[in-house]
Amino acid sequence: MRVTAVVQARMGSTRLPGKVLRPLAGRPVLSWVLRAARESGSLDELVVATSTLPEDDAVEELAREVGAQVVRGPADDVLDRYLLALDAHPADAVVRLTADCPLIDPALVAMVVAMWRAAPASVDYLATTSPRSLPRGLDVELVTAEALRRAGREATGHDRAHVTSYVWSRPELFRVAGLVVTPSAADLRVTLDTPEDAALLDAVAGLLGDRAPAWREVVGLLRSRGDLAALNAAVVQKALEEG
């Protein structure tokens, strides 16, 4: 069963413009995500899905420099970009990663893919967010090509911006499963969307170094260093409807 990872990435951001190419320990954030995907050893193809806006030429350039494939499509219809990626690089399932999550653990990617491959006929959507038990920013989602194409035909509004929300919010239509860890660390945040997030990620990368850390390392560090976790504890995640 062929699995392609698609990393959505664009320079536009309402709260932190240019965040996907922001340096983190000397390496662009997008490069961190692509490295982790490769190190998972579980993917048949790695594709960056960016927009057709001129500002995203830089995203395409970086992606190609590190050997990733690139597709470009609408800036706001991210689901359409994923479908373009699936058309250009056919697969049985797609792993969705986002370019603002630099601390993705390759082992989590490998586990999600392995779990799906063990019973591909029984799961349409499998993720570390169903329900969330890991810090926001360690998100790995897998959706089958069939489910993604159905979403492409039927989804409207914010479901087109969030790619998989049409699938995971409709368990009556799709078979949804989750990878859950204990104890929960869902209260922590290691995604990049605000200056406060950037401050935390700079501090974590400064301590852990320029490498893809294991999720337990990240959680352990933030549990032992409340001062770091406090840096972005007050950040409110945008609602789905906000895009």
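Residues numbered from 1 in each chain as written. Predicted model: local features only at pLDDT ≥ 70, side-chain atom pairs only at ≥ 80, totals over all residues. Heavy atoms only, no water.

Asker: Tell me about the packing of helix α8 (residues 195-208) against helix α9 (residues 215-224), and name the residues and values.
Answerer: Where α8 meets α9, the closest approach of the two axes is 11 Å, and the angle between their N-to-C directions is 110 degrees. With respect to α9, the element α8 is oriented roughly perpendicular. Considering the relative orientation of α8 and α9, their crossing is right-handed. When α8 is examined against α9, the residues Leu-200, Val-204, Leu-207 and Leu-208 are found in contact with a partner set consisting of Glu-217, Val-218, Leu-221 and Leu-222. Taken together, the residues of the contact of α8 with α9 sort by class into seven nonpolar, no polar and one charged. (Axes fitted to C-alpha atoms, helices over the stretch in contact; angles between N-to-C directions. Helix = DSSP H or I, 4+ residues; strand = E, 2+ residues; numbered from the N terminus. Parallel < 35°, antiparallel > 145°, perpendicular 65-115°, else oblique. Left-handed = near helix turned anticlockwise from the far one by under 90°. Contact = heavy atoms within 4.5 Å. Nonpolar A, V, L, I, M, F, W, Y, C, P; charged D, E, K, R; others polar.)

Asker: Any details on the side chain of Asp-159? Residues and values, ideally.
Answerer: Following the sequence through the fold, Asp-159 ends up in helix α6 (residues 158-161). A relative accessible area of 8% places Asp-159 in the buried class. Beyond its immediate sequence surroundings of up to four residues, Asp-159 is in contact with Leu-79, Ser-165, Tyr-166 and Arg-170. (Buried < 20%, exposed > 50% of the residue type's maximum accessible area, 1.4 Å probe, protein only.)

Asker: An account of the pairing of strand β5 (residues 69-73) is needed here, citing residue identities and associated values.
Answerer: Judged from the five bridges that link them, strand β4 (residues 45-51) and β5 form a sheet pairing that is parallel. Looking at the pairing, Ala-49 lines up with Val-71 of β5. Taken together, β4, helix α2 (residues 57-65) and β5 form a β-α-β motif whose crossover is right-handed. (Pairing = 2+ DSSP bridges. Right-handed = clockwise from strand over helix to strand, strands pointing away.)

Asker: Describe the pattern of salt bridges, listing the residues and the values that go with them.
Answerer: What the rule picks out here adds up to 23 salt bridges. Asp-57 is the partner of Arg-72 in a salt bridge, and the nearest nitrogen-oxygen pair spans 2.8 Å. Residue Arg-72 is located in strand β5, and its partner Asp-57 is located in helix α2; the two are separated by 15 residues in the primary sequence. In this structure, Arg-149 engages Asp-87 in a salt bridge whose closest nitrogen and oxygen atoms are separated by 3.0 Å. Of this pair, Arg-149 sits in helix α5 (residues 145-154) while Asp-87 sits in helix α3 (residues 78-88), and the two are 62 residues apart along the sequence. (Salt bridge = Lys/Arg side-chain N within 4 Å of Asp/Glu carboxyl O.)

Asker: Run through the packing of α3 against α5, naming residues and quoting values.
Answerer: Two elements in contact, α3 and α5, have axes separated by 10 Å at closest approach and are oriented at 135 degrees. One way to sum up the angle between α3 and α5 is to call them oblique. For the element pair α3 and α5, the recorded crossing hand is left-handed. Facing α3, whose interface residues are Leu-79, Tyr-82, Leu-83, Leu-86 and Asp-87, α5 presents Ala-145, Leu-148, Arg-149, Ala-151 and Gly-152.

Asker: A description of the environment of Pro-28 should follow, citing residues and the corresponding values.
Answerer: Following the sequence through the fold, Pro-28 ends up in strand β3 (residues 27-28). With 71 residues separating them along the chain, Pro-28 and Ala-99 place their C-alpha atoms 9.9 Å apart. Apart from residues lying up to four places away in sequence, Pro-28 is in contact with Val-20, Leu-21, Arg-22, Pro-23 and Leu-62.

Asker: How would you summarise the sheet that holds β4 if you had to cite specific residues and measurements?
Answerer: Pairing in this open sheet of seven strands is mixed, and the strands run β5-β4-β1-β6-β8-β7-β9 from one edge to the other. Only two strands of the sheet have a single partner each, and these edge strands are β5 and β9 (176-178). Adjacent strand axes in the sheet meet at a mean angle of 25 degrees when their direction is disregarded. Strands in contact with helix α4 (residues 106-118) are β1 (3-8), β6 (93-98), β7 (125-127), β8 (141-144) and β9; relative to β8, the strand with the most contacts, it is inclined by about 30 degrees.

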